[in-house]
Amino acid sequence: MRRATQYDAIVVGSGMTGGWAAKELCEHGLNTLVLEAGRPIDPNKDYVEHVPEYQVHFRGYGDRKALERDQPMQKDCYACDEWSGKFFVNDRENPYTFPDDKPFRWIRGRQVGGRSIMWGRQVYRWSDLDFEANAKEAIGIEWPIRYADIAPWYDHVERFIGVSGQAEGLPQLPDGQFLPPMAMSCVEQRARENILKAFGGERVMTIGRAAILTQNHNGRAACHYCGHCERGCITLSYFSSINATLPAAQKTGKLTLRPFSVVESVLYDPKGDRARGVRVIDANTNESLEFEGRVVFLCASAIESARLLLNSKSDRFPNGMANDSDQVGRNVMDHPFFAGAHGEMPGFLDKTTFGNRPNGIYVARFRNVKTKHPDFVRGYGFQGGAGRSGWDRGEWTPGFGADFKRSLISDLGPWGLGINAWGEMLPNPENRVTLDSQVKDKWGIPAAHIVCSLGENELAMHRDMQITAAELLAAAGAKDIQTYTSPILPGLCIHEMGTARMGHDPKTSVLNAHNQAHSVKNLFITDGACMASSANQNPSITYMALTARAASYAVERLKKREI
């Protein structure tokens, strides 16, 4: 094994939170090593958002045999297609297991930038409705922070990444530092007005709040509405760690980025009662390496960070690093979705849209905000949008040339409006990640075994989603409304969180109010693992804000020699 190399800070993972940890720690002057398990990304070669179907080998349908062989789990994500499949892991090299009766989809990206390359880019702040719910309802454990603690860090993150959105003044969905909102279509605007009138302002449809630029911002260009953001963005118009945070860290001269570095465990120093560093397996050579740091940030994603902690055993931590409470791996959560409705919106046949707006509409949570629902606690929001049918018939209609294209444009179908719900999942200690005793990944590291299923509260909420979706569309003015639902597959919302939760008490939680491990003072975990509940909003901006806040705290403690 090669002798350890020393840094001020080590960050495991280069995605959403890893990029933020790198930026903040480097800008505070710390020599920071970022370890990424996957390959480097060259936007000039890897970003393919402007490549049309006729320039890819399978014309957009992909190599179905290869997908079944190499990515049987990843292919269930819509973005794992012929263009973007390279941003998703090979499931044979990166296996995980689950019980036959509790399937779980773990959608992963292992490359510099991680899943921030192909994320959904929707960003919604949490409120005290979310941070106080566990304590008020005696579910899980109380969050150790409130909205006031994180609000300045939401501001900090939004000002840097650029978030387009419309201020609405809703207490359950706080406004932020918004760039100009994207425009609603005429149909969406009419639906918004009708819904506001029908429900007296209780139910609000707004334009989605997205980490996509509507004007030039911090050296990045405004979006030109080409769509297909999951394939990359050569104009850097949406936020990813490659587009924004890692370049900012690089500018400081303090960043060392090491791809192909599979972290096997966190090293413990019994004399100092601290994390000494990490053990890494070089993904290309299988060489075992060690790196040492004064502070370690785990930003590898909720399940990966739990797996890493559980695999970091010592005499002090026989059940895994920082696991005195036996909470590492427990309380896996993901948002239940795939329930909603769609309908036809009469009229507006002289109207159409231009470009491919990379955003939709959002209906803020209204259940259990002012009045208590009899069947379930917490709530859900809707995402969706309006559009005219007809464009896609060009895929199967014979024809070519300018006249053919004009016929597709001039003879559009009626307008439709569809919405789909994202709901909150409650923490449950039986939903758990452990290490599989038999299965290992390509580099000999035990695979994660994931047990996760929805409870009665989520199922009751799921039934309600269809009903209120139909109510909203009816109020909007839609006709021929059809509701839909499908079996809920945990993990597929790709919002997994909760495996090393924050809390006041070291006996019931892993991290304190600053994402610092209770029992390992120089170890911080700032990805989705830290969440004590899931709310119903897309969680990434909360992860980013917590990361920036934790980095600031860690630097202060380092300066005072307290860690």
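To start, this report covers the structure provided alongside it. Just so we're clear, the structure is a prediction, and the values are computed from it rather than from any experiment.

## Looking at the overall build of the protein chain
Counting its secondary structure elements, the protein chain contains 12 helices and 17 strands. Principal axes of the C-alpha set define a box for the protein chain whose edges measure 75 × 55 × 45 Å. Taken across its 563 residues, the protein chain has 60% of its residues classed as buried. Considering only contacts within the protein chain whose residues lie at least 6 apart along the sequence, 73% involve residues at least 24 apart. When the accessible surface of the protein chain is totalled, it reaches about 22600 Å², and 50% of it is carbon and sulfur. Across the protein chain, 65 positive and 65 negative side-chain charges occur, with their mean positions spaced 3 Å apart.

## Concerning the nonpolar core
If you look at the biggest cluster of nonpolar residues, it comprises 154 residues, and the most contacted ones within it are Val 278 and Phe 297. Apart from residues lying up to four places away in sequence, Val 278 is in contact with Ile 10, Val 12, Leu 35, Val 263, Ser 265, Val 266, Leu 267, Leu 289, Glu 290, Phe 291 and Val 296.

## Observations regarding the pattern of salt bridges
According to the stated counting rule, one finds 40 salt bridges in the structure shown. When the shortest N-O distance is used, the salt bridge between Glu 24 and Lys 23 registers 2.8 Å. A residue is classified by how much of its surface remains accessible, and Lys 23, at 3% relative accessible area, is buried. Across the pair Asp 464 and Arg 367 runs a salt bridge, and its minimum N-O distance is 2.8 Å. Here Asp 464, found in helix H11 (residues 456-476), pairs with Arg 367, found in the loop between strand S11 (361-363) and strand S12 (380-388); they are 97 residues apart in sequence, far enough to count as distant. The same class applies to Asp 464 as to Arg 367, namely buried. One network of salt bridges, with partners in common, ties together Arg 108, Arg 110, Glu 304, Arg 307 and Asp 441.

## Some words on the packing of helix H1 (residues 16-27) against helix H12 (residues 540-559)
Angle between the axes and distance between the axes: these two values describe a pair of packed helices. For the pair H1 and H12, interaxial distance at closest approach is 9 Å and the crossing angle is 30 degrees. Taken together, the axis directions place H1 and H12 in an arrangement best described as roughly parallel. Considering the relative orientation of H1 and H12, their crossing is right-handed. Where H1 approaches H12, its residues Met 16, Thr 17, Trp 20, Ala 21, Glu 24 and Leu 25 are matched on the opposing element by Ser 540, Tyr 543, Met 544, Thr 547, Ala 548, Ala 551 and Val 555. Considering only residue class, the contact of H1 with H12 consists of 9 nonpolar, 3 polar and 1 charged.

## Quick notes on empty space enclosed by the protein
Any empty space left between the atoms is revealed when a probe the size of a water molecule rolls over them. Following the criterion strictly, the structure yields 3 cavities of 30 Å³ or more and no others. Here the largest cavity is characterised by a volume of approximately 80 Å³. Lining of the largest cavity is provided by Ile 212, Cys 223, His 224, Cys 226, Gly 227, Cys 229, Gly 232, Cys 233, Thr 235, Ser 237 and Tyr 238. Along the lines of polarity and charge, the residues of the lining of the largest cavity split into 6 nonpolar, 5 polar and no charged.

## Quick notes on the layout of surface pockets
Put simply, the second largest pocket is a space of about 310 Å³. As for the second largest pocket, its lining consists of 16 residues, and the residues nearest its centre are Gly 38, Arg 39, Glu 93, Asn 94 and Arg 110. Its residues placed into classes, the lining of the second largest pocket shows 6 nonpolar, 5 polar and 5 charged.

## What about the environment of Gly 176?
Relative to the helices and strands, Gly 176 is located in the loop between strand S3 (163-164) and strand S4 (178-179). Along the sequence, Gly 176 and Gly 165 sit 11 residues apart, while their C-alpha atoms lie 8.2 Å from each other. Among residues more than four places away in sequence, those in contact with Gly 176 are Arg 125 and Glu 158.

## Looking at the sheet that holds strand S13 (residues 415-423)
With antiparallel pairing, the 6 strands of this open sheet are ordered in space as S5-S11-S12-S13-S10-S16. With partners counted over all chains shown, the strands left at the sheet margins are strand S5 (205-207) and strand S16 (479-485), one partner each. Within this sheet the neighbouring strands show an average axis-to-axis angle of 25 degrees, counted without direction. Its contacts with the sheet put helix H7 (residues 186-198) on S5, strand S10 (339-345), S11, S12 and S13, and the angle it makes with S5 is roughly 145 degrees. The strands touched by H11 within the sheet are S10, S11, S12, S13 and S16, with S10 carrying the most contacts at an inclination of about 15 degrees.

## Quick word on helix H8 (residues 241-251)
Most of H8 sits inside the fold, with 8 of its 11 residues counted as buried. Inspection of H8 places Ser 241, Ile 242, Asn 243, Ala 244, Thr 245, Leu 246, Ala 248 and Ala 249 among the buried residues, and these make up the whole buried set. On its buried face, H8 is in contact with H1, helix H2 (43-46), helix H6 (147-161) and strand S6 (255-258).

## Focus on the packing of H7 against H11
Between H7 and H11, the least distance of the axes is 7 Å, while the angle of their chain directions is 110 degrees. In terms of orientation, H7 lies roughly perpendicular with respect to H11. On H11, the residues that touch Ala 191, Asn 194, Ile 195 and Ala 198 of H7 are Leu 472, Ala 475 and Ala 476. In terms of residue class, the contact of H7 with H11 is made up of 6 nonpolar, 1 polar and no charged.

## Let's talk about the packing of aromatic side chains
Considering all chains together, one arrives at 18 aromatic pairs under this definition. Centroid distance Phe 366 to Tyr 380: 5.9 Å. Interplanar angle 75 degrees. Geometry classified as edge-to-face. Taken together, the residues Phe 366 in the loop between S11 and S12 and Tyr 380 in strand S12 connect sequence positions 14 residues apart. Taken individually, Phe 366 and Tyr 380 each receive the classification buried, so the pair is uniform in this respect. A centroid spacing of 6.5 Å and a plane angle of 40 degrees characterise the contact between Phe 376 and Tyr 380, whose relative ring orientation is tilted. This pair shows no difference in class: Phe 376 is buried, exactly as Tyr 380 is.

Rules and cut-offs
- Residues numbered from 1 in each chain as written.
- Predicted model: local features only at pLDDT ≥ 70, side-chain atom pairs only at ≥ 80, totals over all residues.
- Heavy atoms only, no water.
- Helix = DSSP H or I, 4+ residues; strand = E, 2+ residues; numbered from the N terminus.
- Buried < 20%, exposed > 50% of the residue type's maximum accessible area, 1.4 Å probe, protein only.
- Contact = heavy atoms within 4.5 Å.
- Areas by Shrake-Rupley, 256 points an atom, 1.4 Å probe, with all protein chains shown as cover.
- Lys, Arg positive; Asp, Glu negative; His and termini not counted.
- Charge placed at Lys NZ, Arg CZ, Asp CG, Glu CD.
- Core = buried A, V, L, I, M, F, W, Y, C linked by side-chain atoms within 4.5 Å.
- Salt bridge = Lys/Arg side-chain N within 4 Å of Asp/Glu carboxyl O.
- Axes fitted to C-alpha atoms, helices over the stretch in contact; angles between N-to-C directions.
- Parallel < 35°, antiparallel > 145°, perpendicular 65-115°, else oblique.
- Left-handed = near helix turned anticlockwise from the far one by under 90°.
- Nonpolar A, V, L, I, M, F, W, Y, C, P; charged D, E, K, R; others polar.
- 1 Å grid on protein atoms, 1.4 Å probe; cavity = no way out; pocket = protein on both sides within 12 Å on 5 of 7 lines; lining within 4 Å.
- Points joined across faces, edges and corners; volume = space filled by probe spheres on them.
- Pairing = 2+ DSSP bridges.
- Phe/Tyr/Trp six-rings, centres within 6.5 Å; stacked < 30°, edge-to-face > 60°.

Treat this as a map of the structure, not an account of what it does.
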